[in-house]
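For reference, the chains in residue letters:
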Amino acid sequence: QVQLVESGGGLVQAGGSLRLSCAASGRTFSRDVMGWFRQAPGKEREFVASISWSGGSTAYADSVKGRFTISRDNAKNAVYLQINSLKPEDTAVYYCAASSSAWTVVLTTRRYEFWGQGTQVTVSS
């Protein structure tokens, strides 16, 4: 019954923006660390961003710093990823995830227990 569902992906020109959403159900994630990961074809799943339960701490991959912003709305049991200044290399399936065991931001996939099925982001040049 626990479910994370991503939405907001699509086809965007380089330099454009997208806002990804992750809606959670079946469990309250308000005290969990949340994260975003992405996986391009033929590549390993990589860390994008993470946020603490209160939103007071965030972490970003070097490749997205200054362009991506992670946020959360615990009242809505949701997490978001604002993506600006998109580059072709940002093309990937983007996944949201939740960690109930972490006390702060987490950058590794192994610490996340719950995962969505992903939403495709395609950036054209």
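Residue numbers restart at each chain and count upward from 1, following the sequence in its written direction. Where local features are concerned, this predicted model is filtered to residues with pLDDT of at least 70; where side-chain atom pairs are given and counted, the filter is 80 or more; whole-chain, interface and lining totals use all residues. The side-chain numbers reported here are obtained from all heavy atoms of the structure, hydrogens and water having been left aside.

Asks: Quick question: what am I supposed to make of the environment of Lys87 here?
Replies: Within the secondary structure, Lys87 is located in the loop between β8 (78-83) and β9 (92-99). By definition in these notes, contact holds between two residues if any of their heavy atoms fall within 4.5 Å. Ignoring any residue separated from it by four or fewer positions in sequence, one finds Lys87 in contact with Arg67 and Val123. Strands are runs of DSSP state E lasting at least two residues, helices are runs of H or I lasting at least four, and both sets are numbered from the N terminus onward.

Asks: Help me understand the state of the cysteines in this model?
Replies: Sulfur atoms of two cysteines make up a disulfide when they are within 2.5 Å. All told, the structure shown has one disulfide when counted by the stated rule. Across a sulfur-sulfur distance of 1.9 Å, Cys22 and Cys96 are joined as a disulfide pair. Because the torsion about its S-S bond is 50°, the bridge between Cys22 and Cys96 counts as right-handed. Pair noted here: Cys22 is in strand β3 (residues 18-25) and Cys96 is in strand β9, with a separation of 74 residues, a long-range link. Among the residues examined, Cys22 registers a relative accessible area of 1% and is labelled buried. We classify Cys96 as buried; its relative accessible area is 0%. The cut-offs for exposure are 20% and 50% of the maximum accessible area for each residue type, with area from a 1.4 Å probe on protein chains only; residues under the lower value are buried, those over the upper are exposed, and the others partly exposed.

Asks: Can you help me understand the environment of Val79 in this one?
Replies: Within the secondary structure, Val79 is located in strand β8. Each C-alpha atom, one on Val79 and one on Val93, is 16 Å from the other, the two residues being 14 residues apart in sequence. Apart from the residues lying within four places of it in its own chain, the contact partners of Val79 are Leu20, Ser21, Cys22, Met34, Trp36, Ile51, Ile70, Ser71, Arg72 and Cys96.

Asks: Any chance you could explain the sheet that holds β8 here in plain terms?
Replies: Pairing between the strands of a sheet is mediated by backbone hydrogen bonds and can be parallel or antiparallel. A pair of strands is considered paired only if DSSP assigns at least 2 bridges between the two. Overall, antiparallel pairing links the four strands, which are arranged β1-β3-β8-β7 in an open sheet. Because the sheet does not close on itself, it has two edges, and the strands there are β1 (3-7) and β7 (68-73). Between one strand axis and the next, the sheet turns by 15° as a mean value, whatever way the strands run. Direction of pairing for β7 relative to β8: antiparallel, over a ladder of six bridges. As a rule, the C-alpha atoms of each element are fitted with a line to give its axis, helices using only the stretch in contact, and angles between N-to-C directions run from 0 to 180 degrees.

Asks: Explanation requested: the pairing of β7 in the structure shown.
Replies: The side chains of a regular strand alternate between both faces of the sheet. What you see with β7 is a clean split: Phe68, Ile70 and Arg72 sit on the buried side and Thr69, Ser71 and Asp73 on the side with no burial. The hairpin turn running from β7 into β8, its antiparallel successor, is four residues long, and Asn77 in that turn takes a positive phi close to 55°.

Asks: Explanation requested: the nonpolar core in the structure shown.
Replies: Soluble globular proteins tend to bury their nonpolar side chains together. In terms of nonpolar packing, the biggest core is built from 36 residues, with Trp36, Leu81 and Tyr94 touching the most fellow members. Looking at this core, the elements that each hand over two or more residues are β3, β4 (33-39), β5 (46-51), β6 (58-60), β7, β8, β9 and β11 (119-124). Counting residues per element, this core draws most heavily on β9, at five residues. If near-sequence neighbours (up to four positions away) are discounted, Leu81 is found in contact with Leu18, Arg19, Leu20, Trp36, Val48, Ala49, Phe68, Thr69, Ile70 and Tyr94. Think of a nonpolar core as a cluster: buried Ala, Val, Leu, Ile, Met, Phe, Trp, Tyr and Cys residues, connected wherever their side-chain atoms sit within 4.5 Å.

Asks: Is there a simple way to explain the side chain of Glu6 in this structure?
Replies: The residue Glu6 is located in strand β1 in this model. Distance and chemistry together define a polar contact, namely a pair of N or O atoms within 3.5 Å, with one atom able to donate a hydrogen and the other to accept it when in protein, and with adjacent residues in sequence counting only for side-chain atoms on both sides. In this structure the side chain of Glu6 is engaged in a polar contact, spanning 3.1 Å, whose partner is the backbone nitrogen of Gln117. Polar side-chain contacts of Glu6 include one of 2.8 Å to the backbone nitrogen of Gly118. Those residues in contact with Glu6 that sit more than four places away from it in its chain are Ser21, Cys22, Trp36, Tyr94, Tyr95, Cys96, Gly116, Gln117, Gly118 and Thr119.

Asks: I would appreciate a short explanation of the packing of aromatic side chains in the present structure.
Replies: Two numbers describe a pair of aromatic rings. These are the distance of the centres and the angle of the planes. Working definition: rings of Phe, Tyr and Trp (its six-membered ring) pair if their centres are within 6.5 Å, and the pair is stacked with planes under 30 degrees apart, edge-to-face with planes over 60 apart, and tilted otherwise. Enumeration according to the criterion identifies six aromatic pairs in this entry. Relative to Tyr112, the ring of Phe37 has its centre 5.2 Å away and its plane inclined at 80°; by these criteria the two rings are edge-to-face. Here the residue Phe37 occupies a position in strand β4, and Tyr112 occupies one in the loop between β9 and β10 (114-115), the gap between them amounting to 75 residues. Neither Phe37 nor Tyr112 differs from the other in exposure class; each is buried. Here Phe68 and Tyr94 contribute two aromatic rings whose centre-to-centre distance is 6.5 Å and whose plane-to-plane angle is 45°, an arrangement assigned as tilted. Note that Phe68 is positioned in strand β7 and Tyr94 in strand β9, a separation of 26 residues in sequence. The two residues Phe68 and Tyr94 agree in class, both being buried. Put simply, the rings of Phe37, Phe47, Tyr112 and Trp115 pair up and form one aromatic cluster. Directly above the ring of Tyr80 sits Arg19, whose terminal nitrogen or CZ lies 4.1 Å from the centroid. Consider the ring centre and the ring normal. A charge sits over the ring if Lys NZ or Arg CZ is within 6 Å of that centre and within 35 degrees of that normal. Of note, Arg31 hangs over the ring of Trp53, and the distance from its end group to the ring centre comes to 4.0 Å.

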